[in-house]
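Residues per chain, in single letters:
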Amino acid sequence: MKKTLSYLVAGALALSLTACSNPPADDKNSITVYAGRSESLVQPLIDSFQEETGIQVEVRYAGSAELAAQLLEEGQNSPADVFFAQDAGALGAVSKAGLLVQLPDSILEKVPASYSAADGSWIGVSGRVRVLNYNPQKVSQLPQSVFDLAEPEWKGRIGIAPTNASFQAFVTAMQVIEGDAKTLQWLEAMKENAVLYEKNSAILEAVESGAIDAGLINHYYWFARGQEVGFENLTSKIGQFASGDVGNLINAAGVGIVADSKAARQFVEYLLSETGQRYFADQTSEYPLIDGVSAPVDLTPLAEIPAPAIDLNDLDRLDQTLDLIRAAGLI
Amino acid sequence: MRKAPALVVALGVFAALVTTVPIGYLAVRLVQGWQLALAEILRFRTLELLGNTGLLVLAVTASALVIGFSQAWLTTKTNVVFASGFAVTAALPLAIPSYVMALSYISIFNGLSGFFAAWLVLTLATSPLVFLAVTAALARLDSSSEEVARTLGLGRLQVLFKVTWPQVRTAATASGLLVALYVLGEFGAIALLRYDTFTRAIYNAYRGSFDRTSAAALAVVLLLITLLVIWFERKYRGGYVASKKQLGKKLRVELGAWRLPAALWLGLIAIFSTALPISSLIIWSIQGSANLDLKVLLDALWGSVQLAGLAGIGIGIFGTAIALWSIRYRSRLGQVVEWSSWAIHAVPAIVVGLALVFFGANVTPWIYQTSWLLLIAYLILFLPNALAGLATPIAQVPVLLEEVSQSLGVPANKSMVRVVLPIALPGIVAAVSLVGLTVLKELPATLLLRPSSLNTLATRLWGATEDLAYSQAAPYALLLVIIAGLPALALNLQARRALSEVRS
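As the structure is a prediction and not an experimental result, all values here were calculated from the model.

> What's the story with the overall build of chain B in this structure? I'm lost.
When its secondary structure is counted, chain B shows 21 helices and 0 strands. Its C-alpha atoms give chain B a radius of gyration of 23 Å, within 12% of the compact-globule value 23 Å for 504 residues. With respect to the principal axes defined by its C-alpha atoms, chain B has extents near 65 × 55 × 50 Å. When burial is assessed residue by residue, chain B has 62% of its 504 residues classed as buried. In chain B, the share of contacts with a sequence separation of at least 24, taken over all contacts with a separation of at least 6, comes to 85%. Summed over its atoms, the accessible surface of chain B is roughly 19,600 Å², and 71% of this surface lies on carbon and sulfur atoms.

Below you can see the structure in the form of structure tokens.
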């Protein structure tokens, strides 16, 4: 009995030694990145960054919102050097708490100002477009506006994801362009008409399976699914609303620096280099944001998307958006 | 009144101090934004959430008690066919994380959502907790009073309700408490099935609006509900009584004409709780096995196993100390310690995780983002699971044996180690297994607190579902179920051991 116990204790100690490695010291040659984007997607790019520069990158993967909450709790003592987020909202929240460093102009000027923070605290890395995902057998004529989805004919046919960050950013844009009253009216109609989902991917799945006729998602979900199963095997299509409609909003995933260092800047520059931008265009069918790198051939060029005229910086009033979504009873 | 050994007190007090970290964190958040917090609580929505949450907790607890108790009684006390096979299928859902159960149900029944869906999935996921606790209690039950009742002319059902039930009530209500608190703190399945509860609102406050004050306000309300539930359970169940008897003979109930319906009932539950989710996982896994990276899979498996092993052993040690303290020494302080570890149990893992992020990054940076802090989080989250499993085996060690040992000149503390612990050891091992398998399934706190390079099956599963690739998530889910299935089966064997000892 005693012998078994001592083996157990020794085993436990041995295990604990392997499980408890301290994070590396923050010298100039290693950085910690909090990444809200998926590992399978960005790790290959980070690997090639490490090879090219010799800078060690420790990456912490989790959801963008959870990482933002984590950064807010860590405050000034965060081990993170860089925050690479899925959406502008998460970056905005961290920026508002004063936890992001002002980026140098040499970085900021790479990307059109409308895809970065007004105060220069974060910068867009790749663009995505809101689209209508629809089943062509059930939807013969595309609605002209996202507001058409409020009509009774759409009852039970349209899917939305009210807790999803991209959907909320889109509602914020609607408030900015169309005003609170009209937005609330639309949301209330959605409470009547829409089937609610947790994520974009679940909407796509429901449109594919025929459970609903159409849904509001980001464009790259459809491309990712097409690449997984073959575009010829997709039942659904994606389409845009009429020119200038808020349903065509262009948004961006972005990056901010938490603790300034040469290595951290090099990392951000790498994401915005031709290699980095080409990588996002090819791997995720997202839009490159720097000049000189073109979008994948099967994607409508960003300049030709009939997007509403809006500055991404105006999308930081999430509190008011949530109030409206709550008032409509969607969350 | 005997005094508890210093080691027991030290372990207990440490565990209690650790549980005050999340409570202190909530207090900090509330003080910083009390006006906002008050506004959040006083919204009509809070009342709505309260109604939703209460309804789900009551419904799931009631149905899990009925299902778990019926499974336990039928497989241990009656002549139902395939009793040991049905016992396995009753314990196995414990190995399936509730979010995996929800995912597989959604994949089978497209568009499943709302109260009914949440009730169904959570009932199936939690009834094994009741089944195991009641089986263990029934298997160790002395049948002489049942026999007396039968000879006095009571019917089978009357014996069940008037004689058997009162004797296992403590175990049943304690497991009912675990079920209720599980439902209060559950997020993954509830989000997938789109039913609004307090915990979902707390997650949404963090994820949608980065609103830590509203989240904290809601978490405090949840904490108060938890205390209410615990108080209710304590009032109803009464105390554990140390057994004075040795194991006795078992009485077996002849079901007669009810043998077939009873087997059908158990079979029906087995189909919904085990066969359906596991077969859907297997189908997905076959689809997803083509792009599976075996090295990544093994790496995640090793991460899961070492965390679950360490957490199980560590929490087992703390739990044993606290259980000894509150049962064998019955001190006021020991009971305070036990209460404090229960109180935090239904607070969602994301709140506990963020509290430790706040504490770790700012107060104890040397353990931040190491496995140590993660293990502390597991201690806070799952100590009550261990306590629920430990109370019965420790209480059932006959006090007489300890008294004999002391009368032979062995000091009290030594008698505890030499006599009580070895006899309770199988029960302690069972509690450790239960904690280990719960740790295997944990996700939110693991994501927030793990060392950046450490991956587990659960975090890989999460990553794959974020990538929208369910088929790629399935092999991780399946392996998780298999690994967690081992302790689940061991628990089942353990619970039924006393049964076979007497029968053979």
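> Please explain the overall build of chain A as it appears in this structure.
If you tally the helices and strands in chain A, you get 12 helices and 10 strands. Relative to its length of 331 residues, chain A is compact, with a C-alpha radius of gyration of 22 Å against a globular reference of 20 Å. Its C-alpha atoms give chain A principal-axis dimensions of about 70 × 60 × 40 Å. Within chain A, the fraction of its 331 residues that count as buried is 57%. Expressed as a percentage of contacts within chain A between residues at least 6 apart in sequence, the contacts between residues at least 24 apart total 75%. For chain A, the exposed surface amounts to about 13,400 Å²; the carbon and sulfur share of it is 51%.

> Sorry, what's going on with the environment of R252 of chain B here?
All names here are of chain B. Examined against the element boundaries, R252 turns out to sit in the loop between α11 (212-237) and α12 (259-288). On the basis of relative accessibility, which here comes to 45%, the residue R252 falls in the partly exposed class. Separated by 239 residues in the primary sequence, R252 and L491 place their C-alpha atoms 22 Å from one another.

> What is the right way to read the interface of chain A and chain B from this model?
Often, the extent of an interface is quoted as the loss of accessible area on bringing the components together. On the chain B side, the residues contacting the 50 residues of chain A number 48 residues. Overall, the association of chain A and chain B removes approximately 4,300 Å² of surface from exposure, summing both partners, and the carbon and sulfur fraction of that is 52%. Among the residues chain A hides against chain B, the three largest losses belong to R60, E73 and E198 of chain A. Together they make up 17% of the total. For the salt bridge of E73 of chain A with R29 of chain B, the shortest nitrogen-to-oxygen distance reads 2.6 Å. The interface formed by chain A and chain B contains 16 residue pairs in polar contact (both at pLDDT 80 or more). The element that contributes the greatest number of residues to the side of chain A that touches chain B is helix α3 (residues 64-74) of chain A, accounting for 8 residues. Grouping the constituent residues of the side of chain A that touches chain B by class yields 24 nonpolar, 14 polar and 12 charged.

> Looking at this structure, how should I read the packing of helix α6 (residues 115-139) of chain B against helix α8 (residues 156-185) of chain B?
Packed helices, taken two at a time, are described by the angle their axes make and the gap between the axes. Residue and element names in this part refer to chain B. In the contact formed by α6 and α8, the axes pass within 9 Å of each other and the chain directions differ by 150 degrees. On the basis of the axis angle, α6 is roughly antiparallel to α8. Here α6 and α8 pass one another in a crossing that is right-handed. Contacts between α6 and α8 pair L122, T126, L129, V130, A133, V134, A137 and L138 from the former with T164, V168, A171, A172, S175, L178, V179, Y182 and V183 from the latter. Here the contact of α6 with α8 is composed, by residue class, of 14 nonpolar, 3 polar and no charged.

> Explanation requested: a nonpolar patch on the surface in the structure shown.
Residue and element names in this part refer to chain B. A cluster of nonpolar side chains, V13, L17, L333 and V336, forms an exposed patch at the surface whose accessible area comes to about 340 Å². Every element with two or more residues in the nonpolar patch is listed here: α1 (6-32) and α14 (332-343). Mapped onto the elements, V13 comes out in helix α1.

> Can you walk me through the packing of aromatic side chains in this structure?
Here a ring pair, both rings aromatic, is described through the centre-centre distance and the interplanar angle of the planes. Throughout the structure, instances matching the rule amount to 20 aromatic pairs over all chains. Seen in terms of ring centroids, W222 of chain A and F223 of chain A are 5.2 Å apart; in terms of plane orientation they differ by 90 degrees. Their pairing is edge-to-face. Across this residue pair, the class does not change: W222 of chain A and F223 of chain A are buried. Through pairs of rings, three or more aromatic residues link up here, namely F49, F267 and Y270 of chain A. In this structure, K182 of chain A packs its charged tip against the face of F147 of chain A, placed 4.2 Å from the ring centre. When the ring centre of F358 of chain B is taken as origin, the NZ or CZ atom of R29 of chain B, which lies over that ring, is 5.3 Å away.

> What is the right way to read the pairing of strand β7 (residues 214-218) of chain A from this model?
Strand residues, when the strand is regular, have side chains that alternate between the two faces of the sheet. Residues and elements named next belong to chain A. Burial of β7 is extensive: 5 of the 5 residues sit out of reach of the surface. Burial along β7 is two-sided: the residues A214, L216 and N218 and G215 and I217 are all buried. Where strand β4 (residues 122-134) and β7 come together, 5 bridges link them in antiparallel fashion. Across the sheet, R130 pairs through a bridge with N218, a residue of β7. Relative to β7, strand β5 (residues 158-160) is paired through 2 bridges, and the arrangement is parallel. Along β7, the bridge assignment pairs I158 with A214.

> Honestly, the side chain of E74 of chain A in this entry has me stumped. Any pointers?
Residue placement: E74 of chain A occurs in helix α3. In this structure, E74 of chain A is buried with no salt-bridge partner, the nearest side chain bearing the opposite charge being R60 of chain A at 6.0 Å. Ignoring any residue separated from it by four or fewer positions in sequence, one finds E74 of chain A in contact with Y34 and P79 of chain A together with V357, A361, N362, Y368 and Q369 of chain B.

> How do you make sense of the pattern of salt bridges when you look at a structure like this?
Two side chains with opposite charge may pair up if their charged atoms get near one another. All names here are of chain A. Scanning the model with the defined rule gives 13 salt bridges over all chains in all. For the salt bridge of D213 with R157, the shortest nitrogen-to-oxygen distance reads 2.6 Å. With D213 in the loop between α8 (200-209) and β7 and R157 in the loop between β4 and β5, this pair connects stretches of sequence that are 56 residues apart. Its relative accessible area of 10% is what places D213 among the buried residues. Within this structure, R37, R128 and E286 form a network of salt bridges that share partners.

> Looking at this structure, how should I read the packing of helix α6 (residues 165-178) of chain A against helix α7 (residues 180-193) of chain A?
Residues and elements named next belong to chain A. Between α6 and α7, whose axes approach to 7 Å, the crossing angle comes to 140 degrees. Our classification of the angle between α6 and α7 gives oblique. Of the residues in α7, those touching α6 at F167, F170, V171, M174, Q175 and E178 are D180, K182, T183, W186 and L187. Residues of the contact of α6 with α7, tallied by class, amount to 6 nonpolar, 2 polar and 3 charged.

> Explain unusual backbone geometry here, please?
Residues apart from glycine generally show negative phi values, whereas peptide bonds are mostly found in trans. Of note, S285 of chain A is a non-glycine position whose phi angle comes to about 55 degrees, a positive value. Here S285 of chain A shows up in the loop between α11 (274-284) and β10 (287-288). Overall, S285 of chain A belongs to the buried group, its relative accessible area being 4%. The phi dihedral of Q369 of chain B falls on the positive side, at around 55 degrees, and the residue is not glycine. Looking at the secondary structure, you find Q369 of chain B in the loop between α15 (349-362) and α16 (371-395). Here Q369 of chain B falls in the buried class, since its relative accessible area comes to 4%.

What counts as what
- Residues numbered from 1 in each chain as written.
- Chains lettered and ligands numbered in written order.
- Predicted model: local features only at pLDDT ≥ 70, side-chain atom pairs only at ≥ 80, totals over all residues.
- Heavy atoms only, no water.
- Helix = DSSP H or I, 4+ residues; strand = E, 2+ residues; numbered from the N terminus.
- Rg over C-alpha atoms; globule rule 2.2 N^0.38 Å.
- Buried < 20%, exposed > 50% of the residue type's maximum accessible area, 1.4 Å probe, protein only.
- Contact = heavy atoms within 4.5 Å.
- Areas by Shrake-Rupley, 256 points an atom, 1.4 Å probe, with all protein chains shown as cover.
- Buried area = accessible area lost by both parts, 1.4 Å probe.
- Salt bridge = Lys/Arg side-chain N within 4 Å of Asp/Glu carboxyl O.
- Polar contact = N/O pair within 3.5 Å; in protein donor to acceptor, adjacent residues only side chain to side chain.
- Nonpolar A, V, L, I, M, F, W, Y, C, P; charged D, E, K, R; others polar.
- Axes fitted to C-alpha atoms, helices over the stretch in contact; angles between N-to-C directions.
- Parallel < 35°, antiparallel > 145°, perpendicular 65-115°, else oblique.
- Left-handed = near helix turned anticlockwise from the far one by under 90°.
- Patch = residues over 30% accessible without salt bridge, like charges linked within 9 Å, V, L, I, M, F, W, Y side chains within 5 Å.
- Phe/Tyr/Trp six-rings, centres within 6.5 Å; stacked < 30°, edge-to-face > 60°.
- Lys NZ or Arg CZ within 6 Å of the ring centre and 35° of its normal.
- Pairing = 2+ DSSP bridges.
- Lys, Arg positive; Asp, Glu negative; His and termini not counted.

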